[in-house]
Number of protein chains: 4
Amino acid sequence: MKAVVYEKPFSVTVKTVPEPKILHPNDAIVKVTTTCICGSDLHMYEGRTAAEPGIIFGHENMGIVTEIGAGVSRLKVGDRVVMPFNVGCGHCRNCEAGYTAFCTEVNPGFAGGAYGYVAMGPYPGGQAQYLRVPWADFNALSLPPGTEHEADFALLADIFPTGWHGVSLSGFQPGESIAIFGGGPVGLMAAYSAILRGASEVYSIDRVPERLAKAQSIGAIPINFDKADAVEQILQLRHGEMVDRAVDAVGYQAVSGGKEVPNTVLVSMVRVVRATGGIGVPGLYVPSDPGGVDPHAKEGYLMFPFGKFFEKGLSIGTGQCNVKHYNRQLRDMIIAGRATPSFVVSHEIRIDEAPAAYEKFDKRIEGYTKVLIHPNA
Amino acid sequence: MKAVVYEKPFSVTVKTVPEPKILHPNDAIVKVTTTCICGSDLHMYEGRTAAEPGIIFGHENMGIVTEIGAGVSRLKVGDRVVMPFNVGCGHCRNCEAGYTAFCTEVNPGFAGGAYGYVAMGPYPGGQAQYLRVPWADFNALSLPPGTEHEADFALLADIFPTGWHGVSLSGFQPGESIAIFGGGPVGLMAAYSAILRGASEVYSIDRVPERLAKAQSIGAIPINFDKADAVEQILQLRHGEMVDRAVDAVGYQAVSGGKEVPNTVLVSMVRVVRATGGIGVPGLYVPSDPGGVDPHAKEGYLMFPFGKFFEKGLSIGTGQCNVKHYNRQLRDMIIAGRATPSFVVSHEIRIDEAPAAYEKFDKRIEGYTKVLIHPNA
Amino acid sequence: MKAVVYEKPFSVTVKTVPEPKILHPNDAIVKVTTTCICGSDLHMYEGRTAAEPGIIFGHENMGIVTEIGAGVSRLKVGDRVVMPFNVGCGHCRNCEAGYTAFCTEVNPGFAGGAYGYVAMGPYPGGQAQYLRVPWADFNALSLPPGTEHEADFALLADIFPTGWHGVSLSGFQPGESIAIFGGGPVGLMAAYSAILRGASEVYSIDRVPERLAKAQSIGAIPINFDKADAVEQILQLRHGEMVDRAVDAVGYQAVSGGKEVPNTVLVSMVRVVRATGGIGVPGLYVPSDPGGVDPHAKEGYLMFPFGKFFEKGLSIGTGQCNVKHYNRQLRDMIIAGRATPSFVVSHEIRIDEAPAAYEKFDKRIEGYTKVLIHPNA
Amino acid sequence: MKAVVYEKPFSVTVKTVPEPKILHPNDAIVKVTTTCICGSDLHMYEGRTAAEPGIIFGHENMGIVTEIGAGVSRLKVGDRVVMPFNVGCGHCRNCEAGYTAFCTEVNPGFAGGAYGYVAMGPYPGGQAQYLRVPWADFNALSLPPGTEHEADFALLADIFPTGWHGVSLSGFQPGESIAIFGGGPVGLMAAYSAILRGASEVYSIDRVPERLAKAQSIGAIPINFDKADAVEQILQLRHGEMVDRAVDAVGYQAVSGGKEVPNTVLVSMVRVVRATGGIGVPGLYVPSDPGGVDPHAKEGYLMFPFGKFFEKGLSIGTGQCNVKHYNRQLRDMIIAGRATPSFVVSHEIRIDEAPAAYEKFDKRIEGYTKVLIHPNA
């Protein structure tokens with residue numbers, strides 16, 4: 001089968017590789033109808049991780065079940081399914097408690113596993129024609145048959161739940177105001193989630209005009225941090241009043257004044273959130289970043305305004321999204337026509353176009369913001 | 001000043017009565033700009049309560065502060081405010097815990113007080129030109145100056161928070177499906193709240209075409225229980241699948257097959273909610289109803305399907321709405337343009353028109369569903 | 001192997017039956033070291049259910065894994081485990097959300113399955129030398145090797161979590177007061193749970209002196225409802241103040257004044273709980289009870305004081321215990337020496353003694369309150 | 001009246017000052033029976049704050065109401081009361097939501113007020129014979145008449161609720177394990193709270209033998225960080241398994257290896273808490289510390305291991321304790337004999353002994369750990 005394979009920094013190719021097989025009674029094989037390129041794939045693509053050549057990318061996958069193991073009891077061949085990017089076993093303490101992003105069994109020595117990602121366990125990615133899904137009854141979310149809502153459903157694998165998760169981590173309640181730092185796909189999904197959940201005001205902070213336009217189109221208030229300090233702009237719009245919640249959809253490669261300043265979003269959030277408010281951090285921070293801007297950043301340490309944070313009595317919730325905790329309800333909102341997250345999708349391509357798409361997405365040119373691959377098209 | 005005064009069953013008049021005065025340092029006097037007629041006023045109007053002649057009606061009140069007591073520190077003369085229908089002291093155990101509908105101090109011997117309502121304490125109603133507000137710093141919600149959103153804000157006194165409360169009592173979470181029994185003002189507000197909070201599907205059950213049309217206009221699915229059993233209709237639409245939550249916005253005077261059957265909504269909810277789901281009951285049930293259909297109903301007892309309720313592992317939350325728990329966020333949603341509850345308002349009148357409006361509202365004629373009085377217009 | 005088999009009303013025998021086998025890759029076989037007789041076994045024993053002769057009893061089981069299916073990845077042969085009485089699949093919507101008592105897959109057409117119980121699915125009980133455990137990685141809780149805490153751990157299968165669940169269903173918070181109706185094994189576990197979780201006052205209501213003495217021995221305040229109305233006694237002790245929470249550990253066969261009065265505990269709870277409080281009902285209520293005291297009771301309907309319940313703004317949570325939601329933490333409390341639920345155990349016997357023990361337990365004679373069987377001793 | 005007055009660094013005196021008077025209708029005057037010296041008083045005593053000479057210390061106060069303003073309706077002269085250290089208005093957004101430590105009205109320009117503390121508003125302290133209590137109905141917790149439990153009740157003003165709050169901020173649930181950093185009065189109260197709430201294991205980390213002995217006496221496991229790295233010790237005791245929760249009861253003046261290392265406790269907590277766990281920080285951190293060890297610390301910035309924190313999906317809750325959120329239930333636990341926090345009290349003195357006690361407490365000599373002053377004894 002064809003698969004998108006990592007070759008070396010700034011280079012992926014489409015190769016012919018062996019099809020996956022059932023390796024365990026609880027496995028299923030899925031013929032991939034849609035798989036997405038994620039911003040976090042670019043970390044590997046750019047060579048800023050320990051990813052080795054040969055890895056098949058792709059952790060946002062959906063398709064049709066073509067084969068099931070002897071232990072699979074819920075899924076049937078022919079079922080249409082979407083898989084969370086996390087791989088979970090379904091019976092460790094964390095999975096049982098709903099923390100499927102922190103499964104302690106699928107990736108020994110670590111809490112959490114995923115498809116097609118360095119250090120996340122032995123699970124080839126889904127930017128390929130077929131995908132092996134372990135503990136398939138647990139990991140695959142069933143979808144209505146057919147092809148309707150394909151792009152919306154594909155986003156259930158990661159970014160829609162991840163944006164929603166960021167809002168939840170902040171402690172958000174309906175009627176509150178919230179500032180979303182970052183207008184990329186996850187940031188837009190966070191802004192969209194806050195709106196769907198009854199936010200009174202949503203501020204979307206970025207500097208890319210297309211992103212700010214998308215944010216505005218769904219009802220958020222765009223804030224361009226290249227024009228002036230984002231916090232000052234928000235305070236001015238609100239007559240000096242801070243917001244209730246903030247979400248960091250940027251992560252450790254945040255920039256300010258044209259250069260990488262890893263703590264800049266965190267500092268801004270502590271400034272803009274009112275006393276007793278909350279902060280959600282779905283944006284990636286890593287404990288080891290060889291490309292970090294200073295020795296502390298290389299080890300995942302940041303200067304944090306803990307004094308102010310404490311004085312305001314703030315809280316922070318962090319971590320990768322437990323996709324299964326949200327994907328069922330979000331699927332139902334899509335089916336009912338209440339949510340259409342696919343507004344973020346910029347391109348849909350065949351698998352042979354993937355190498356070029358990676359390059360353009362990495363350079364953020366030609367409007368490449370969210371790319372969906374149809375490997376069997 | 002002019003006030004709407006209860007005379008006898010099926011008769012209210014507009015009388016000249018003394019203006020209220022500051023009786024306690026924490027009081028304020030409010031010049032009423034808008035006050036609403038509530039369905040629960042009709043219980044008194046129809047003579048089905050112990051209300052004595054002379055009581056001034058009106059528990060949904062907003063206006064402008066004209067005078068404050070020596071202990072009032074937050075409010076200022078000229079402030080525009082809306083008052084929850086509940087009167088709370090702000091320092092009893094229940095008020096402190098947010099249960100302001102169950103204040104143990106304002107109405108000795110009972111948990112809960114209100115304006116203009118029999119047995120709810122010594123607080124004249126606001127269907128009058130002026131209103132005395134006790135513990136005014138605690139009870140009055142501040143509004144932006146001016147006259148914008150007047151009708152929306154007036155609904156913050158009772159029905160918008162009460163509908164929202166019903167949804168909360170059911171344990172509702174975004175993405176879930178919910179059935180709202182009753183399409184009167186509170187039922188419509190409950191349906192609207194569920195939609196604002198991200199429901200996937202909202203079913204609105206009534207038999208009055210105008211109400212069902214209103215429900216449909218905001219995105220709910222109308223179910224006319226005169227055409228067929230409501231539960232069967234919902235199950236059919238959902239291919240046999242039950243809903244996650246239900247709300248009873250009808251109460252003890254529920255009808256079925258053309259006659260009063262006090263437990264009919266409760267039974268339907270236990271049928272239509274799936275195992276592990278939840279039920280919210282903002283609709284009024286009373287422990288003493290002399291007009292009840294049988295000796296049990298007269299004492300507030302109902303036949304309840306407890307066996308099925310337990311087998312499904314359901315939960316029920318009940319009680320009058322703690323308006324202060326919700327009114328601030330709902331106000332902010334109105335200001336931000338995200339909520340416009342005034343779509344339920346059918347008539348806005350001068351105080352002299354109140355007697356006629358009561359009569360028409362009681363007879364449910366000429367489209368009288370939600371009437372706002374402007375006593376100083 | 002030997003097993004306790006139901007013969008006819010008031011008769012079980014120990015028979016030799018075939019040993020269970022692995023039927024599915026996710027099964028495990030457990031050699032039973034301890035299994036308990038539960039009060040709910042008596043419903044079948046007394047012939048008040050549709051249980052057919054031949055059923056092997058026993059839903060409270062622990063032992064040693066002797067064989068695993070090809071799909072089992074966490075458990076190993078030799079592991080010491082205790083099984084929740086519920087059988088769950090681990091991947092249906094309810095299991096995923098932690099509602100393992102309402103699994104929709106293990107018992108088609110119903111939400112919930114269990115071992116050795118009529119209508120709860122095709123799962124023979126564990127009052128036998130061996131037990132088949134489906135979805136074993138999900139259903140078996142691992143225990144420290146050895147034989148320490150055997151009796152305490154055995155109670156993790158049902159009654160300790162069930163008592164804890166009742167307290168949770170009531171909405172209990174540390175520092176609150178609570179009334180537990182029923183001083184049988186589940187009632188005592190509820191009282192014990194409330195004490196472990198920081199209750200200020202726990203009232204334990206029963207009429208059996210031994211049970212009341214047990215309750216007192218763990219720090220609860222015993223209330224003998226044969227001496228005077230239980231609610232009146234509690235109010236008198238509290239100078240008229242009601243309690244925050246109540247738990248019904250009695251169920252539908254409640255008695256009052258010497259005869260079965262199915263709603264008596266529910267009515268008492270609504271009386272004794274203060275406005276805004278909560279009620280938890282782990283005690284069994286059934287939608288069909290051919291032996292019920294009247295036509296309504298036969299269909300699971302009860303006269304419920306809904307008017308008073310609403311006026312007080314109370315909530316009720318019900319349903320069988322989702323054992324997996326609690327058993328891990330309770331196990332850790334036992335290991336750390338903080339919890340010793342085995343104080344309720346009255347007898348430990350060999351399997352051959354089971355028929356006699358059933359008879360005495362059913363007659364409540366010779367102090368038979370909680371019996372543990374060691375089938376391989 | 002006599003009062004403990006700040007003179008200059010390392011010096012307080014007992015002076016005669018004017019008695020407080022009713023300044024507002026909602027005020028009450030309390031004759032102080034007990035007031036405590038708090039560790040945070042030492043910040044002012046040591047001259048590490050902007051406190052001016054003349055300030056009356058004392059934010060942990062209880063006594064008897066001797067006078068009430070015209071607006072006070074709940075309290076009566078003669079009532080025995082204990083005041084939270086926070087002063088709240090009872091009607092701002094934060095007070096209404098239960099965040100009484102962040103009142104926006106009592107201390108303009110800041111969220112939060114307190115008695116007898118620099119920058120916390122115009123509220124003289126209670127280390128004096130009389131105290132003015134603003135919004136007395138809201139701020140004073142009623143106690144049973146008499147003198148019973150005096151020392152226990154005095155601790156309701158601050159440290160018992162603050163320790164309890166720390167445990168709550170960590171997201172703790174019954175049955176979990178928790179590490180409490182710091183064995184001073186607040187740390188001991190946190191350990192005690194965790195035990196009262198059903199912790200399986202509580203680790204208490206300090207290096208003062210008396211504190212570790214106290215911790216052990218209530219059932220905690222003492223960890224002396226002078227002997228070896230605290231995290232390593234805990235992991236060794238737990239066979240490599242991390243704990244569920246951690247609490248920082250130390251704050252920004254944390255020491256390690258004999259010198260001040262402001263982030264040392266935070267770093268240790270991120271190491272010792274397992275993925276998906278939580279951290280509570282009641283220990284004080286300040287946004288401006290002129291005595292800080294480096295330029296960052298002077299402005300309240302700390303090096304925080306955000307990468308590891310995120311990878312583990314941890315959460316942090318912080319801030320001063322909202323005493324009113326807890327003091328009622330804790331009072332009830334004391335009355336019922338379930339909690340006896342006074343085990344931490346080392347000395348009870350007359351007001352004239354206060355200067356000497358401050359000196360010894362500051363030097364941590366002669367066992368001075370928690371000192372209670374009886375100003376009218």
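Everything discussed here concerns the structure shown above.
Colleague: When you look at the overall build of chain A in this model, what are you seeing that I'm missing?
Modeller: Of regular secondary structure, chain A possesses 13 helices and 20 strands. For 377 residues, the compact-globule estimate of 2.2 N^0.38 gives 21 Å, and the C-alpha radius of gyration of chain A, at 20 Å, lies within 12% of that figure. Projected onto its principal axes, the C-alpha coordinates of chain A cover approximately 60 × 40 × 40 Å. Sequence-distant contacts, at least 24 apart, represent 71% of the contacts inside chain A between residues at least 6 apart. With the model as given, the accessible surface of chain A reaches about 12800 Å², and the carbon-plus-sulfur share is 54%. Placing the 33 positive and 38 negative side-chain charges of chain A at their respective mean positions leaves the two points 1 Å apart.

Colleague: Looking at this structure, how should I read the sheet that holds strand S11 (residues 201-206) of chain A?
Modeller: Consider a sheet: its strands pair through backbone hydrogen bonds, and that pairing is either parallel or antiparallel. Ordered by their spatial adjacency, 12 strands build an open sheet running S12(A)-S11(A)-S10(A)-S13(A)-S16(A)-S18(A)-S18(D)-S16(D)-S13(D)-S10(D)-S11(D)-S12(D), and the pairing between neighbours is mixed. On the outer flanks of this sheet lie strand S12 (221-224) of chain A together with strand S12 (221-224) of chain D, each paired with one strand and no other. Neighbouring strand axes in the sheet, compared pairwise and without regard to direction, differ in orientation by 20° on average. Pairing between strand S13 (residues 243-248) of chain D and strand S16 (residues 273-281) of chain D: four bridges, direction parallel. Note on S16 of chain D: the bridge partner recorded for Val247 of chain D is Gly280 of chain D. Contacting strand S10 (177-181), S13, S16 and strand S18 (315-318) of chain D, helix H5 (residues 159-169) of chain D crosses the sheet at an angle of about 150° to S16 of chain D.

Colleague: Looking at this structure, how should I read the sheet that holds strand S12 (residues 221-224) of chain B?
Modeller: Spatially, S12(B)-S11(B)-S10(B)-S13(B)-S16(B)-S18(B)-S18(C)-S16(C)-S13(C)-S10(C)-S11(C)-S12(C) is the arrangement adopted by the 12 strands of the open sheet, whose pairing is mixed. What marks the edges here is a single partner per strand, and that holds for S12 of chain B together with strand S12 (221-224) of chain C. With strand direction ignored, the average angle separating the axes of adjacent strands in the sheet is 20°. Note: strand S10 (residues 177-181) of chain B against strand S13 (residues 243-248) of chain B, four bridges, orientation parallel. Note on S13 of chain B: the bridge partner recorded for Phe181 of chain B is Asp248 of chain B. Across the sheet, helix H8 (residues 230-237) of chain C lies against strand S10 (177-181), strand S11 (201-206), S12 and strand S13 (243-248) of chain C, angled at about 140° from S12 of chain C, the strand it touches most.

Colleague: What exactly am I supposed to notice about the relation of the copies chain B and chain D here?
Modeller: Mapping one chain copy onto the other needs a rotation about an axis and a shift along that axis. If you rotate chain B by 180° and push it 0.0 Å along the axis, it lands on chain D with an RMSD of 0.0 Å. Look at the turn and shift together and you get a two-fold axis relating the two. Interface residue correspondence from chain B to chain D reaches 100%, placing this contact among same-surface, isologous pairings.

Colleague: Teacher, can you tell me more about the interface of chain B and chain D here?
Modeller: Many descriptions give the size of an interface as the accessible area lost when the pieces come together. At the interface, 18 residues of chain B touch 18 residues of chain D. Summed over both sides, the interface of chain B with chain D buries roughly 1500 Å², with 45% coming from carbon and sulfur. Three residues stand out in chain B for area buried against chain D, namely His91, Glu96 and Arg328 of chain B, and they jointly supply 33% of the buried area on that side. Between the two partners, chain B and chain D, sit four salt bridges. Put simply, Glu96 of chain B and Arg328 of chain D hold a salt bridge, and the shortest N to O gap is 3.2 Å. The interface formed by chain B and chain D contains 11 residue pairs in polar contact (both at pLDDT 80 or more). If you list the elements that add at least two residues to the side of chain B that touches chain D, you get helix H2 (93-96) and helix H3 (136-139) of chain B. Across the side of chain B that touches chain D, the residue classes tally to five nonpolar, six polar and seven charged.

Colleague: Would you explain the interface of chain A and chain D in this entry?
Modeller: Taken residue by residue, the interface counts 42 residues in chain A and 42 residues in chain D. For the pair chain A and chain D, the summed buried area comes to about 3600 Å², and 66% of that belongs to carbon and sulfur atoms. Where chain A packs against chain D, one counts two salt bridges. Between Arg93 of chain A and Asp244 of chain D there is a salt bridge, with the nearest N and O atoms lying 2.8 Å from each other. If you look at where chain A meets chain D, you find 15 residue pairs in polar contact (both at pLDDT 80 or more). Elements represented by at least two residues in the side of chain A that touches chain D include exactly helix H2 (93-96), helix H9 (264-272), strand S16 (273-281), strand S17 (302-304), helix H11 (306-311) and strand S18 (315-318) of chain A. Among the elements that make up the side of chain A that touches chain D, the one with the highest residue count is H11 of chain A (six residues). Residues belonging to the side of chain A that touches chain D are distributed by class as follows: 23 nonpolar, 12 polar and seven charged.

Colleague: Whenever I open this one, the environment of Ile64 of chain A confuses me. Can you help?
Modeller: All names here are of chain A. Turning to its location among the elements, Ile64 is positioned in strand S4 (residues 61-68). Along the backbone, Ile64 and Gly146 are 82 residues apart, and their C-alpha atoms lie at a distance of 10.0 Å. Sequence-distant contacts of Ile64, defined by excluding residues within four places in its chain, comprise Ile29, Val30, Lys31, Thr33, Gly78, Asp79 and Arg80.

Conventions we followed
Residues numbered from 1 in each chain as written. Chains lettered and ligands numbered in written order. Predicted model: local features only at pLDDT ≥ 70, side-chain atom pairs only at ≥ 80, totals over all residues. Heavy atoms only, no water. Helix = DSSP H or I, 4+ residues; strand = E, 2+ residues; numbered from the N terminus. Rg over C-alpha atoms; globule rule 2.2 N^0.38 Å. Contact = heavy atoms within 4.5 Å. Areas by Shrake-Rupley, 256 points an atom, 1.4 Å probe, with all protein chains shown as cover. Lys, Arg positive; Asp, Glu negative; His and termini not counted. Charge placed at Lys NZ, Arg CZ, Asp CG, Glu CD. Pairing = 2+ DSSP bridges. Axes fitted to C-alpha atoms, helices over the stretch in contact; angles between N-to-C directions. Least-squares fit on C-alpha atoms with pLDDT ≥ 70 in both. Buried area = accessible area lost by both parts, 1.4 Å probe. Salt bridge = Lys/Arg side-chain N within 4 Å of Asp/Glu carboxyl O. Polar contact = N/O pair within 3.5 Å; in protein donor to acceptor, adjacent residues only side chain to side chain. Nonpolar A, V, L, I, M, F, W, Y, C, P; charged D, E, K, R; others polar.

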